[in-house]
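Examining the three-dimensional arrangement
Each chain, letter by letter, is given below.
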Protein chains: 6
Amino acid sequence: MRKVVTFGEIMMRLSPPLNYRLVQTDGLDITYGGGEANVSASLARMGQPTAHITCFPDNELGHAAVGSFQRYGVDMSHTVFSGARLGLYFLEVGASVRASKIVYDRAGSSFSTLDPAAFNWEKIFQNVAWFHWTGITPAISAEAAEACQQAITTARRMGVTVSADVNYRRNLWQYGKKAQEVMPDLVAGCDVVVCAENDAEDLFSIVPEQGAEDSFTSMSNQLMQRFPNIRQVITTRRETISASHNRLTGVLYNGQSRIETPTYDMNPIIDRIGGGDAFMAGFIYGSLNYTKADEALSCGVAASVLKHTIPGDVNLATVAEVEEVMRGNTSGRLLR
Amino acid sequence: MRKVVTFGEIMMRLSPPLNYRLVQTDGLDITYGGGEANVSASLARMGQPTAHITCFPDNELGHAAVGSFQRYGVDMSHTVFSGARLGLYFLEVGASVRASKIVYDRAGSSFSTLDPAAFNWEKIFQNVAWFHWTGITPAISAEAAEACQQAITTARRMGVTVSADVNYRRNLWQYGKKAQEVMPDLVAGCDVVVCAENDAEDLFSIVPEQGAEDSFTSMSNQLMQRFPNIRQVITTRRETISASHNRLTGVLYNGQSRIETPTYDMNPIIDRIGGGDAFMAGFIYGSLNYTKADEALSCGVAASVLKHTIPGDVNLATVAEVEEVMRGNTSGRLLR
Amino acid sequence: MRKVVTFGEIMMRLSPPLNYRLVQTDGLDITYGGGEANVSASLARMGQPTAHITCFPDNELGHAAVGSFQRYGVDMSHTVFSGARLGLYFLEVGASVRASKIVYDRAGSSFSTLDPAAFNWEKIFQNVAWFHWTGITPAISAEAAEACQQAITTARRMGVTVSADVNYRRNLWQYGKKAQEVMPDLVAGCDVVVCAENDAEDLFSIVPEQGAEDSFTSMSNQLMQRFPNIRQVITTRRETISASHNRLTGVLYNGQSRIETPTYDMNPIIDRIGGGDAFMAGFIYGSLNYTKADEALSCGVAASVLKHTIPGDVNLATVAEVEEVMRGNTSGRLLR
Amino acid sequence: MRKVVTFGEIMMRLSPPLNYRLVQTDGLDITYGGGEANVSASLARMGQPTAHITCFPDNELGHAAVGSFQRYGVDMSHTVFSGARLGLYFLEVGASVRASKIVYDRAGSSFSTLDPAAFNWEKIFQNVAWFHWTGITPAISAEAAEACQQAITTARRMGVTVSADVNYRRNLWQYGKKAQEVMPDLVAGCDVVVCAENDAEDLFSIVPEQGAEDSFTSMSNQLMQRFPNIRQVITTRRETISASHNRLTGVLYNGQSRIETPTYDMNPIIDRIGGGDAFMAGFIYGSLNYTKADEALSCGVAASVLKHTIPGDVNLATVAEVEEVMRGNTSGRLLR
Amino acid sequence: MRKVVTFGEIMMRLSPPLNYRLVQTDGLDITYGGGEANVSASLARMGQPTAHITCFPDNELGHAAVGSFQRYGVDMSHTVFSGARLGLYFLEVGASVRASKIVYDRAGSSFSTLDPAAFNWEKIFQNVAWFHWTGITPAISAEAAEACQQAITTARRMGVTVSADVNYRRNLWQYGKKAQEVMPDLVAGCDVVVCAENDAEDLFSIVPEQGAEDSFTSMSNQLMQRFPNIRQVITTRRETISASHNRLTGVLYNGQSRIETPTYDMNPIIDRIGGGDAFMAGFIYGSLNYTKADEALSCGVAASVLKHTIPGDVNLATVAEVEEVMRGNTSGRLLR
Amino acid sequence: MRKVVTFGEIMMRLSPPLNYRLVQTDGLDITYGGGEANVSASLARMGQPTAHITCFPDNELGHAAVGSFQRYGVDMSHTVFSGARLGLYFLEVGASVRASKIVYDRAGSSFSTLDPAAFNWEKIFQNVAWFHWTGITPAISAEAAEACQQAITTARRMGVTVSADVNYRRNLWQYGKKAQEVMPDLVAGCDVVVCAENDAEDLFSIVPEQGAEDSFTSMSNQLMQRFPNIRQVITTRRETISASHNRLTGVLYNGQSRIETPTYDMNPIIDRIGGGDAFMAGFIYGSLNYTKADEALSCGVAASVLKHTIPGDVNLATVAEVEEVMRGNTSGRLLR
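What counts and what doesn't
- Residues numbered from 1 in each chain as written.
- Chains lettered and ligands numbered in written order.
- Predicted model: local features only at pLDDT ≥ 70, side-chain atom pairs only at ≥ 80, totals over all residues.
- Heavy atoms only, no water.
- Least-squares fit on C-alpha atoms with pLDDT ≥ 70 in both.
- Contact = heavy atoms within 4.5 Å.
- Pairing = 2+ DSSP bridges.
- Helix = DSSP H or I, 4+ residues; strand = E, 2+ residues; numbered from the N terminus.
- Axes fitted to C-alpha atoms, helices over the stretch in contact; angles between N-to-C directions.
- Buried < 20%, exposed > 50% of the residue type's maximum accessible area, 1.4 Å probe, protein only.
- Polar contact = N/O pair within 3.5 Å; in protein donor to acceptor, adjacent residues only side chain to side chain.
- Buried area = accessible area lost by both parts, 1.4 Å probe.
- Salt bridge = Lys/Arg side-chain N within 4 Å of Asp/Glu carboxyl O.
- Phe/Tyr/Trp six-rings, centres within 6.5 Å; stacked < 30°, edge-to-face > 60°.

**Considering the relation of the copies chain D and chain E**
Rotating chain D by 120° and moving it 0.0 Å along the rotation axis overlays it on chain E with an RMSD of 0.0 Å. On the angle and the small slide along the axis, the relation comes out as a three-fold axis. Residue Pro268 of chain D, judged by its C-alpha, is the member of chain D lying nearest the rotation axis, at 4.9 Å. Comparing interface residues between copies, only 4% of those in chain D also lie at the interface in chain E; the contact surfaces differ.

The following block contains the structure:
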C-alpha cells in the first residue's frame, strides 16, 4: 500500500477521568494527539503505511509521545529532538448542556521553535503517495510555517498528492503574521482541502454568491478558481444537539458536482476530539483504496462517526468496522 | 460582594464507581455534601463569599469534611467540633429505568447532637446579606431545630434576608416532633421559600383552590397570607423520563405575577444529587447580583441544569458558564 | 422456596474499562459469567435457592470463578475440578454506532473436556423444582452434550421442570456434530423453551406458515407438535436503535394464546451481556412464585430491562426492583 | 472435614488507597472483616468447612457483607437480619514510623442490638467440631455477651471444642459492664485461649510469679488453675521494628511444656489487619488436621506471616502455601 | 496562635502511579506543591494559621491550585491572578537503586512574570509572626527576586521573624543574574536560615576552617559574622542508602552551641518530595510553640520523617503524631 | 548502530493490582512480554535498533501485542499472523515470604502452531549483528524448535553472532521430544550462552569436576569443549532473601578467565519478571558498544538491577541510567 505522510505538532492531552472538572480531580488520563498525527495513526490502524514528521524535546515526555504513535504503527523515525518542552492541553469532558473545554499550554513548545533545516523533505517523501497538513501548523510560528511551505513545495515537485485541513483558529496566530498573509501560498499547493464556508470567508474573503443554489458549491467554485491545483473541496456539517449528541454529514465538491453523505446520529458521544482528523484519514484511505469520490467521502464520515465512540484523539476503528458503517449498518448490534 | 451564610449537616457520600451496585463493588468514590453546604460551595465557585455553619466529630473524617468545603472557598472557620460521628450516605447511581438509590447512615451524627449554644449567631451574621436553611435541619433533632430557630431569629433581627428550601422528608422526622409542629414557626421568618404544591399540603395543609387557573399561584398566595414575610415562592418542575434523562423548569411567584423559565433537557444526567441546591445557589446569586427576579430564577435553573453534568454534590460551574446557558446556549459545543 | 439448578460453562470475562479498545488499554475489568450460571445468580439475588453445575480447572482461576458465584449465593458445591484451563472471553464495550465485540478464547477449557460420569444427577436434582440449560452447552463438546442429555433425562424422570434457551450459535459447533443432529433429542425433554423464529428455522427447519396471522404463534405451534413436552415457547424482541439504545418486548405462546408485554426503552444501556439470561431468570422466578403466565413473562422482561443497567453478566436487581418495573414504574426517580 | 463455627460482628472496612490519608483521599477501598469471621474465611480458604454467625441490617450493605464472606466459601445461611446499620471502620495504612490508624464507627450497629433469642445454637452446632469467639463480642453490648454465653454453653454441652481470643480492648466496653465481670464466665467454657500476659493481668488480675523462669508459663499455669477446662494457652510475640517491618513468634503452653516457633521476619508488611485471626485459623486448622501441638502452632504462625502479605482482613493463603512456610521455605522465590 | 506567611511558586505535580515510568503510563496522579507553600500547608495541618502569597494564571488550573491549598486551611486570599500558565513538574518515583526523577516545565509561568507591585506586603504582614521564603524564588526571575526583597524588607521593618531555606539550584538561575549576586542581600534580612556546608560554599564562598572540630559550626559562625541578623543556622543530614531507604538527622547552631537530633531510619520512603519543607514547617511550629531550640529542631526532624510516609508534597501529619515521634515512638504500632 | 534480532513467543501478562490475589481481584493490569522480546524492547529503549520475530493470532489481542512492542521501538514488521490464540499468563505478585506465582495459559497459542516456512530468515538477518533466542522457544512445539534451528543456521551462515539463554523449564517440554535431545544441536550454533551449573547438568549432563576450584569455570570449560563455537558463558547468581529483597551478581567465563561483578542489593523489588532478559539485553548492548567483556557483564547486571525497579516485563531504563549504576552510583538520590 502507498505511504501517507503528515506534519504537525503532537501534544500531551491531560483530562480528568469521566466528566470530572479540573478543580476537583486528583488524577488525569493522558494520551497524545495532534490534528495531523491523528490522521497518520488512524490510517495506520486501517492498514495504510504512514509516517509523521514532528519535533519533540529530548526528554521523557518527548520519548513517551514518540512511543504513543509508534504503538499504532506510525513511522516516527524522522522525529527531530530539539527545543525545550512538549506542548500540552488540558481537556474537561462535558456532557449534555455543558461543553467540553480545552485549556492549551503549548507556548514555547519544541515544535514552535523547530529549525526548518532539520527536515530532509526529499528523503521523507521518497515512495510517498500523499502529504497532509493543517492550518494549525503555520499558525504556531514562523519556523513552522516555513517548514510547512518547504514540505508542500517538495511534495508537489515529487508528485505527492497534497491535502490540507485549513482549520482557521484566530487565537493561535500570535507570531506577527496573519493567517490571511500566510495561508494562500500554502493552500495554492494543495490538491484537496477541507474548508467550510466560514473558513473560506475568514481566510480568503470568499463569500458564497448571493442567490447561489448551494453556498458550499459557490464557495468551492471560487476557491478552485483562486487555487487551480485544488481538485476537491470537502467538509463535514455538524449539528450540535448537545455535548453528548451530534449529527454529522459529509459534503464534497469536485468542480462539477456536489456529493453529500447520509446524516449520522452520534449519541452518546464518547470522545469528540479528533473527529475531524478521523474524517480526513477516512477520506485519504478511501481516495487511495476505492475508485469513486463518493466512497472516499463516505469512508471519511463513517470513520469520523466511529471515532466519536472511541476514547483518545485517534480513531482506532478497523477498515472492516468503517466499511460496515459505510454499508449502512449503524445498529451497534453485539458481535460475537 | 455580599456574604451568604448556610447552616446544616454535611455528610460523607460514598458511591460505587460508575453504575456498579453496592453488592458488587470493592471501592467507593467519596465526596462530602449537604443540602445547605452545597449552596455555599456553589455560590463560592461563582465568586460569592460564603460561610457554612455545621458540627463535626473531631476526628480525621470531620477534618476531611472541613477541607472538602474549604477547597471550594467556603469559610468553615465557624465549625463546631463535638459529638461522635460523621453522618454518611451510600449512593448507588442508577441509569435508564433503574433509579439511583440512597442508603442513609446518619443516626447519632455529630450534627444531630449539636449544642445550640455553641453557635454565636450574632458574630456569624456580621456583614452578611443572606441566610439559607432547609427543612432537613429541623428534621434531624430537637437541638438542630432549636439552633435553626435561633439562627433565623437572629438573622431577621440583623436585617439578613432569610431563605428556606422547605424540603419535606417524612422519614427524617424521628425525634418526637412532627414537621407540622416545627416548620411553621421557622418558615414564618423567611423572605424566600422553595416550596412545591405537595410540600405546602404536607406541611401546612395548604391546597390549591379548586378551579384555580394555576395551582402554584394559588398555593403561593395562601402561603404568603399565612406567612407575611415571604416575598417570593419558587420551585422547579422536574419531568422524569428516566434516571438518565430529566427535564427541568423553574417557577416563581412574587405575590403579583408568576414567572416560568424555558424547559431544559438534561440528557444524559451525570450526577443528579445537589440539583436542587444548585438551583437555590443560582437563585441567591441572581438575587444578589442581577436586578430582576426573572434573571435570578433563570440563573437558578441554568445553574441546576449545569449541576446535573458535574460529579459530586456541588455545582462547580462558573458564572460565565451559567450565564452562557441563561443566554440560551445549550448546544454544548466544544470550547477551545 | 423451591430450588433451581443450571448447568453450563462459566468463563472469565475481561473487558477494558469504559469504552476503551483492547489495542489501547493497560487494564481489564474482570467478572465471571456464563449463560446458565447467570440465570442461577440472578435467581439467587431474587431470593430463589439455586445451584450451578460446572467444571473448572483446579487452579487460582477456577477457585476465583467459584467464589464469584458463591458471592451472590449460588450453591457451587457440586463443582467438578478437572481439565486444563478456564474459558475466557474478551469484551470491548461499544457505544452509539459501534457494536460491542467479543473475542472468545474458550477452546480446550475444562468444561469442554468434562467427564460426563463426574456428575451425579440423581443427587443434584434432589428437592429441585426446575432445571435450566442452553444450546451453548451441547455445542461445546460431545462430552458436554452427553452430560446435558443425562441431566435432562434424569430431571424429567425425577419430575423436575426442564427449560432451555435454544440459543443457536453456528460458530460454536466445532466437534464434528451438527446442532441439527444433537438439539432435537435434548429439546424433546423440555417443558419451556426460549426460541425465536430464526432459531426454529436454523435448528429444526420449522418455518412459520405462509399467510399465518402471527409468525411466532405459527412457529410455536409447529414446535409444540414436534416436541409434545413443550408447554410454553417464549422469546424477546429486541429492537436495536444503536449499541446504546435498544427496545425490548417479551412474547409467550402457551399452545392456546399469545401474550406480549409492553415495549421498554433501554437508554442508555450500561451492560448488554446477560440480558437474555436475566429474562430467563425472571421468567423462572415468575413461574415459580406468581400464578399467571403473563406475570412470569412480565417478570422476565422487567428483570432483563434492569439487567441492562447493571455492570457484569449477572442481574443484581432485587425482587422489589423488578416488581416496581412490572408495575410500570420506569421513571428512574431517585429513591431516598 | 469437620466444621468450624465462629460468632461475631462483621464490619465494612474503608481505607484510602495505598498510604493516602483520609484528609486527602477521594476514594476508599472497601472490604469486610471481623475478628471471628476472618477466622472462618481463612479456614474456608484452607478447605475447612465453616459457618459464621452474625447479625446484619437488611439493606444493601448487609447483603454485600454476606456476599463478601460467601465468596470465600463461608456458610452465611444463619445470618440474622435485624437492626439499623452495619458497623464500619476507617483504616489509614501507615508505613515506616507512621502507624496505621483505625477510626471505628460501629456504635448502634445491628450486631450490637441483636436479639440473643434469634440464634438457634442447637441447630447451628450440629455436626460441628470447633467453636471460636473473641473478647470483642461480649464487649459490644449486653445482648452480644448474652448470645456469646449461650453459644459457649450449648457448644460445651454438645461436645464442641471451644476457643477464644480474649483480646481485651478497654475502649470497647461501653454498655455498663466491665470486661472483668463478664469475661471469666465465658472463658471458663473454653478449651483453648489466646491470651498474652498483659491480657491476663487486665482481665483476670493474673500476674506471672516473681522470679518465674518464663512469664508466659507462669501466667498460663495460673490461668489453667482458675479455668480448668483450658487445655492450651497460645499467643504470638510481635516485635515492631516499624509499621512496615515486624517479627513474629508463636508460643504455646499445654500445662506441661512450652513450645515456641522460630521467629519470622515480615518485611514489608502489606496488610497487618487480621494477622491475629489468621494465626487462630491456622492453629485451628492444625489442631484438626495434624497430630501434634507444635505443628498446629507452627501452622498458626505460618498462616499469620502469610496474611501480612495479603490485602484485606482475610488470609487467602492455601494450605499448600502455609505448609511451604512451615517447612521453612521463606525465600519467596518465584513459582512458575 | 500566631500567623505564618510564605511566598513562592506553586506548581502542578504530575506523576505516574506507583513506580511506573512516563514512557509507559496512561494516567498521572496530580497534586500541587511548592517549597514555600508546602511549609504553610504543613503548618496549617498542625493548627498554625498560615497564608501563602503567590501568583497564578486566571484559568481552571490556577483555581484548582488555589483550592488544593485552601483544602488544608491555608489562606489563599492574597493570590494574584496574572500571567500565562501554571508551572508544572513531572515526577517519576524511583525505588531501590533507581532514583526518583523530576522533569520541570515551569518556564514562562505566571509566577515568573509576576508584577512585584501587585503585592501589598504591609497588609499581608499585619498580625504576622513569621515570614518564610526559599532560594528558589529569587532564582526564577528578576521580578520574583524583587518581590522577595520587598517582602523581606517589609517583614523586618514590621518585626516579623524571617527565615529562609537558601536551597541553591544552579540550573534555575537563568535570567541573567547569578545567585551569588542576589542572595546575600536577601539572606542579610534573615533571622533563621537552612544552610548546609555546600550551599554556604556555592553561594557565599564560605568554607569551614581547616582543622575545625565541626564543619557545620565553623561554616555557621562565618555565616553569622557575614550576616549578623542570623540567629540560628539549621540543616538536615540525609544518608541515602537507596531511593527507598534514607536516614535523617537534624543539626542546629545558635552562635554558641551545636545541637543534633537522633538519626531516624526512613524505610520504606513513600514520598520523598517536600521532606525539607516539612522539616522547616516543624521547626517553625516548634519555634513558635515550644520554649527550647532543641525541641524546635526535634519537631522539624520528626515532621520531616513523617512526611516521607505520606503521598504528596505536603506533610499531613498532626501535631499529636509529630510529638509521638519526638517522644521517640517510631515503632509504627497499629493505633485503634 | 547495529541491529539485534530476537525470536520467541509473546504472551499477554495479566496481574491483579498491587499484591492482590486472583481470588479477590476485580481487575487485572495487563502488559505483554516474552523472554526474547523483552530483550529486544530493553535494547530498543537503550537506543539499539532491534526487531522481534514472532507469530500472533489475527485478532484484537494479537494486534494489541504488536502495538505494545512497537511502542518501545521494536520493529514488529516481520510478525506472522496465524493460529488461534494469544498465549497468556496470570501473575500474582508476592511480597516478603509469599512468592510471586505464575499460572500459564499458553497451550494451543499461535506461536506454538507456527509454520516454520513462514519466516524468511535470509531477509530478516540482513544487516543484523546479533541474534538471540532462549530455551523456551524449542520447548513450546516441534514447529517452534524447527524454526529456531533454521534461524540459528541462517544466522551463523550470514555471520551474525548468536546467543542463547538456555533456560531449562522441564514442565514446558510437552510435545514428545526431550530438551536433552533438542537443545544440543541448537546450542552448538551459539557464540554466547547464559547457562548456570544446574542447567548444564540437566540439559547436557555436565557436572563441575570434583575438587574444581570454581564450579562455574569447570562447567563452562566442559561446555566449551562440547560446543566449540561458544566463546562466552555467562550467568547471574541470585540470592533470595525474600520475595521483596534479592541480591544479584553477574559471572562470565571466556575460556581463559572468570569475571564477577559486585553484588547488588535489590530492595524493595518492584517487578521481578524480566530480570534475566534485562541482563541479557544489557550484556548484548555492552558487547556491541563497549570494548571489554567486564563492561558488558557489568552493563548486563546494572540493567537487570534497574529492571527490578520498573513495572512490566521490559527494562525501560536508559543507557544513561544503566551507566550510572555501572559507575557504582546505587544511592537512588533524587534527580532534579
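**A few points about the sheet that holds strand 8 (residues 101–105) of chain B**
Here we have eight strands laid out as an open sheet, ordered 8(B)-7(B)-2(B)-3(B)-3(D)-2(D)-7(D)-8(D), and mixed in their pairing. The sheet is open, and its two edges are formed by strand 8 of chain B together with strand 8 (101–105) of chain D, each paired on a single side. Shown here is a sheet whose adjacent strand axes are inclined to one another by a mean of 30°, direction ignored. For strand 7 (residues 88–92) of chain D and strand 8 of chain D, the ladder comprises five bridges, and the chain directions are antiparallel. Bridging across to strand 8 of chain D, Phe90 of chain D finds its partner in Val103 of chain D. Across the face of the sheet, helix 2 (residues 60–70) of chain B comes into contact with strand 2 (11–15) and strand 3 (27–33) of chain B together with strand 7 of chain D while running at roughly 65° to strand 3 of chain B.

**With respect to helix 2 of chain B**
All names here are of chain B. Taken across its eleven residues, helix 2 has ten buried, putting it largely inside the fold. Buried within helix 2 are the following residues: Glu60, Leu61, Gly62, Ala64, Ala65, Val66, Gly67, Ser68, Phe69 and Gln70. You can read the cap of helix 2 off the contacts: a side-chain oxygen lies 3.0 Å from the backbone nitrogen of Leu61, and it is on Asn59.

**Considering the interface of chain D and chain E**
Each partner contributes residues to the interface: chain D has 26 residues there, and chain E has 26 residues. Across the chain D to chain E interface the summed buried area is about 2,400 Å²; carbon plus sulfur atoms make up 56%. In terms of surface lost to chain E, no three residues of chain D exceed Arg21, Val23 and Val97 of chain D, which account for 26% of the buried area on that side. Counting the contacts that link chain D with chain E gives three salt bridges. Here Lys101 of chain D makes a salt bridge to Glu321 of chain E, at a shortest N to O gap of 2.5 Å. Between chain D and chain E we count 13 residue pairs in polar contact (both at pLDDT 80 or more) in total. For the side of chain D that touches chain E, the secondary-structure elements that each account for two or more residues are strand 8 and strand 12 (232–242) of chain D. Element by element, the count of residues in the side of chain D that touches chain E is highest for strand 12 of chain D, at four residues.

**Section: the pattern of salt bridges**
What the rule picks out here adds up to 128 salt bridges over all chains. Ionic pairing is found between Asp313 of chain C and Arg13 of chain C, a salt bridge with its closest N-O pair at 2.7 Å. On the criterion of sequence distance, the pair formed by Asp313 of chain C in the loop between helix 10 (293–307) and helix 11 (319–326) and Arg13 of chain C in strand 2 (residues 11–15) is long-range, its members being 300 residues apart. Look at Asp313 of chain C and you get buried, because its relative accessible area is 4%. Between Arg258 of chain E and Glu260 of chain E there is a salt bridge whose closest N-O contact spans 2.7 Å. Arg258 of chain E gets classed as partly exposed once you look at its relative accessible area, which sits at 31%. Among the ionic contacts, a cluster of salt bridges with common partners joins Arg13, Asp271, Lys307 and Asp313 of chain A.

**Brief notes about the pairing of strand 13 (residues 245–253) of chain F**
Two faces belong to every sheet, and in a regular strand the side chains alternate between them. Residues and elements named next belong to chain F. Judged by how many residues are buried, strand 13 sits mostly within the fold: eight of nine residues are covered. Here strand 12 (residues 232–242) pairs with strand 13 via nine bridges, running antiparallel. Residue pairing for strand 13: Ser242 is matched across the bridge by His245. Hairpin connection between strand 12 and strand 13: a loop of two residues separates the two successive antiparallel strands. Of the strand pairs in this sheet, strand 13 and strand 14 (residues 258–260) are connected by three bridges, and their pairing is antiparallel. Each residue of the ladder has a partner; that of Val251, found in strand 14, is Glu260.

**Description of the side chain of His132 of chain A**
All names here are of chain A. The topology assignment puts His132 in strand 9 (residues 128–134). Residue class for His132 comes out buried when judged on its relative accessible area of 1%. Filtering out sequence-adjacent residues up to four positions away, His132 remains in contact with Val5, Thr6, Phe7, Val39, Ser163, Ala164, Asp165, Met280 and Ile284.

**Side note on the side chain of Asn38 of chain A**
Residue and element names in this part refer to chain A. Within the secondary structure, Asn38 is located in helix 1 (residues 37–45). With a relative accessible area of 1%, Asn38 lands in the buried category. For Asn38, the side chain forms a polar contact with the side chain of Asp313, separated by 3.4 Å. Apart from residues no more than four positions distant in its own chain, Asn38 is found in contact with Gly33, Phe69, Gly274, Asp277, Asp313 and Val314.

**A short note on the packing of aromatic side chains**
Residue and element names in this part refer to chain D. Scanning all chains against the criterion turns up 66 aromatic pairs over all chains. Centre to centre, the rings of Phe7 and Trp121 are 5.1 Å apart; their planes meet at 85°, and the pair counts as edge-to-face. In this pair, Phe7 sits in strand 1 (residues 3–7) while Trp121 sits in helix 3 (residues 121–124), placing the two residues 114 residues apart along the sequence. A residue is classified by how much of its surface remains accessible, and Phe7, at 0% relative accessible area, is buried. Judged by relative accessible area, Trp121 falls into the buried class, the value being 3%.

**Looking at the environment of Gly27 of chain D**
Take Gly27 of chain D: it is sitting in strand 3 (residues 27–33). Note on Gly27 of chain D: relative accessible area 15%, which makes it buried. Other than its neighbours up to four places away in sequence, Gly27 of chain D contacts Leu28, Asp29 and Ile30 of chain B together with Pro16 and Pro17 of chain D.

So, to be careful, I would describe these as geometric facts and stop short of saying anything about function.
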